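Analysis of the macromolecular model
Each chain is listed here by its residues.
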Amino acid sequence: MKLIFLDADGTLFHHEGYIPNSAIDACIQAQKNGHKVILCTGRQRIEIFGDMLKIDYDAIIAGSGATIECDHEIIEENTLSKQESEYLTKYLLDRNIPANFESSTKIYANQFTKDTMLKKVEEQCKGKSEKEKAKHGLTILTNQITVVDSLEGLSYNKVSVIDNGKTPYKTIQDDLSDRYVVIPATFAPLGKESGEITSFHINKATGMDSVIHYFNADIKDTIAIGDGFNDLSMFEKAHLSVAMGNAPQEIKDKADRITTSLDEDGVYNAFKELKLI
């Protein structure tokens, strides 16, 4: 039995709102062959719906390691400490940086951030039909935002910073990397200067530890497939790592193998090459 840890966006799921049929077929066949298919994503648990549920995952690691669900039961929840969240919230508000404050049940933001997201939706969905626009990942994310008057005192496990053309990602990384894990955003529609911020004790590797323990598995039986910077901890933990063909070169350089892109049946081809199906 192998434990296959699959990233979502850019690996399994296209931001236009679908999973390639070949990937769905590969996951179903791998499970029939006795393997465990685990979704390991930066998305929060509430963001896993629609086409993403065409696969009956054996386990889900959501929020980049914040929420752990095995056999459809949540077994673990993690958040930033009160001190971590207070400092980070103040930093972002003082600099008027648009950001989504994420928990497993809700995504919070102020009206300024919601307006920034709505503007991005219009930019990225220009020329699309209303049906295509409604299915776009950025539209779905924006519709999930709960606008609050005050962001102070919130409990959350991750922050996604949105590129609004004013504060460079590098500035945020330089300011915060001594206190938090700061990586480029793994959801491309947020913009090239966007990023993700979480605690040092919350990542995909810590989530993997919980799932491996739950299934009483051995690290030598783990495979990780991904395309983003938040997948690097997953790559370091897994016995074998596979980068998608559409991944940045920095990610490919850290992987044991490289498969084809999402649009070129990357997941299916990886499963086939690794003899999982």
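Residues numbered from 1 in each chain as written. Predicted model: local features only at pLDDT ≥ 70, side-chain atom pairs only at ≥ 80, totals over all residues. Heavy atoms only, no water.

1. A look at unusual backbone geometry
- Of note in this structure, aspartate 71 is not a glycine but carries a positive phi near 50°.
- Counting through the fold element by element, aspartate 71 comes out in the loop between strand S4 (67–70) and strand S5 (73–77). (Helix = DSSP H or I, 4+ residues; strand = E, 2+ residues; numbered from the N terminus.)

2. Some remarks on the layout of surface pockets
- In this structure, the largest pocket occupies an estimated 420 Å³ of space.
- By residue class, the composition of the lining of the largest pocket is 10 nonpolar, eight polar and five charged.
- The computed volume of the second largest pocket comes to approximately 360 Å³.
- In terms of lining residues, the second largest pocket is bounded by 26 residues, among which Asp9, Arg43, Glu47, Gly137 and Phe187 are the most central.
- Every element with two or more residues in the lining of the second largest pocket is listed here: strand S6 (99–102), helix H5 (137–144) and strand S9 (158–161).
- When its residues are assigned to classes, the lining of the second largest pocket shows eight nonpolar, nine polar and nine charged. (1 Å grid on protein atoms, 1.4 Å probe; cavity = no way out; pocket = protein on both sides within 12 Å on 5 of 7 lines; lining within 4 Å. Points joined across faces, edges and corners; volume = space filled by probe spheres on them. Nonpolar A, V, L, I, M, F, W, Y, C, P; charged D, E, K, R; others polar.)

3. Thoughts on the side chain of serine 103
- Inspection of the secondary structure puts serine 103 in the loop between S6 and strand S7 (107–109).
- On the basis of relative accessible area, serine 103 is assigned to the buried category, the value being 10%.
- Look past the residues within four positions of serine 103 in its chain and what remains in contact with it is Gln44, Tyr108, Ser155, Tyr156 and Asn157. (Buried < 20%, exposed > 50% of the residue type's maximum accessible area, 1.4 Å probe, protein only. Contact = heavy atoms within 4.5 Å.)

4. Examining the sheet that holds strand S14 (residues 257–258)
- Strand order in the open sheet made by the eight strands is S5-S4-S3-S2-S1-S12-S13-S14, with mixed pairing throughout. Since the sheet does not close on itself, it has two edges, and those belong to S5 and S14, each with one partner.
- By the bridge criterion, four bridges tie strand S1 (residues 3–6) to strand S12 (residues 222–226) in an arrangement that is parallel. Considered in S12, the bridge of phenylalanine 5 is made with alanine 224. (Pairing = 2+ DSSP bridges.)

5. A word on the nonpolar core
- Core analysis: the biggest nonpolar cluster contains 30 residues, and Leu6, Leu12, Tyr57, Ile225 and Phe271 have the highest contact counts within it.
- Listing elements by their share of this core, those giving two or more residues are S1, helix H1 (21–32), strand S2 (36–40), strand S3 (59–62), S12, strand S13 (240–243) and helix H10 (266–273).
- In contact with isoleucine 225, not counting residues within four places along its chain, are Ile4, Phe5, Leu6, Asp7, Thr11, Met234, Phe235, Val242, Met244, Ala270 and Phe271.
- Core analysis: the next-biggest nonpolar cluster, separate from the first, contains 22 residues, Tyr91, Tyr108, Leu154 and Val159 among them. (Core = buried A, V, L, I, M, F, W, Y, C linked by side-chain atoms within 4.5 Å.)

6. Focus: the side chain of serine 210
- Mapped onto the elements, serine 210 comes out in helix H7 (residues 204–214).
- When its relative accessible area of 14% is taken as the criterion, serine 210 is described as buried.
- Once you skip the residues sitting within four places of it in the chain, serine 210 turns out to touch Ile68 and Glu76.

7. Considerations on the pattern of salt bridges
- Applying the stated criterion across every chain yields a total of 17 salt bridges.
- In this structure, aspartate 7 engages lysine 204 in a salt bridge whose closest nitrogen and oxygen atoms are separated by 3.0 Å. A residue pair is termed long-range when its members are at least 10 positions apart, and aspartate 7 in the loop between S1 and H1 and lysine 204 in helix H7 qualify at 197 residues. Lysine 204 shares its class with aspartate 7; the two are buried.
- Close ionic contact of glutamate 122 with lysine 133 constitutes a salt bridge, the shortest N to O distance being 2.6 Å. Here the residue glutamate 122 occupies a position in helix H3 (residues 111–124), and lysine 133 occupies one in helix H4 (residues 130–135), the gap between them amounting to 11 residues.
- Here glutamate 122 falls in the partly exposed class, since its relative accessible area comes to 46%. (Salt bridge = Lys/Arg side-chain N within 4 Å of Asp/Glu carboxyl O.)

8. Observations concerning the state of the cysteines
- In total, this model carries zero disulfides according to the counting rule given.
- Cysteine 70 takes part in no disulfide bond, and the closest cysteine sulfur to it belongs to cysteine 40, at a distance of 11 Å. (Disulfide = S-S within 2.5 Å.)

9. With respect to helix H2 (residues 82–94)
- The terminal C-alpha atoms of H2, which comprises 13 residues, lie 18 Å apart, in line with the 18 Å expected from a rise of 1.5 Å per residue.
- Listing the buried residues of H2 in full gives Glu84, Ser85, Leu88, Thr89, Tyr91 and Leu92. Down the axis of H2, the buried side of the element spans an arc of 160°, and every buried residue falls inside it. For H2, the exposed residues set more than 90 degrees away from the buried face come down to Lys82, Gln83, Lys90 and Asp94.
- In this structure, the buried side of H2 is in contact with S6, S9, helix H6 (169–176) and strand S11 (195–198).
- Positive backbone phi, at 55°, marks asparagine 96, one or two positions downstream of H2. (Expected span 1.5 Å × (residues − 1). Arc of directions from axis to C-beta.)

10. Some points on the packing of H2 against H6
- Relative to each other, H2 and H6 sit at 145°, their axes nearing to 12 Å. The chirality of how H2 crosses H6 is right-handed. Of H6, the residues touching H2 (which contributes Tyr87, Leu88 and Tyr91) are Thr171, Ile172, Asp175 and Leu176.
- Its residues assigned to classes, the contact of H2 with H6 shows five nonpolar, one polar and one charged. (Axes fitted to C-alpha atoms, helices over the stretch in contact; angles between N-to-C directions. Left-handed = near helix turned anticlockwise from the far one by under 90°.)

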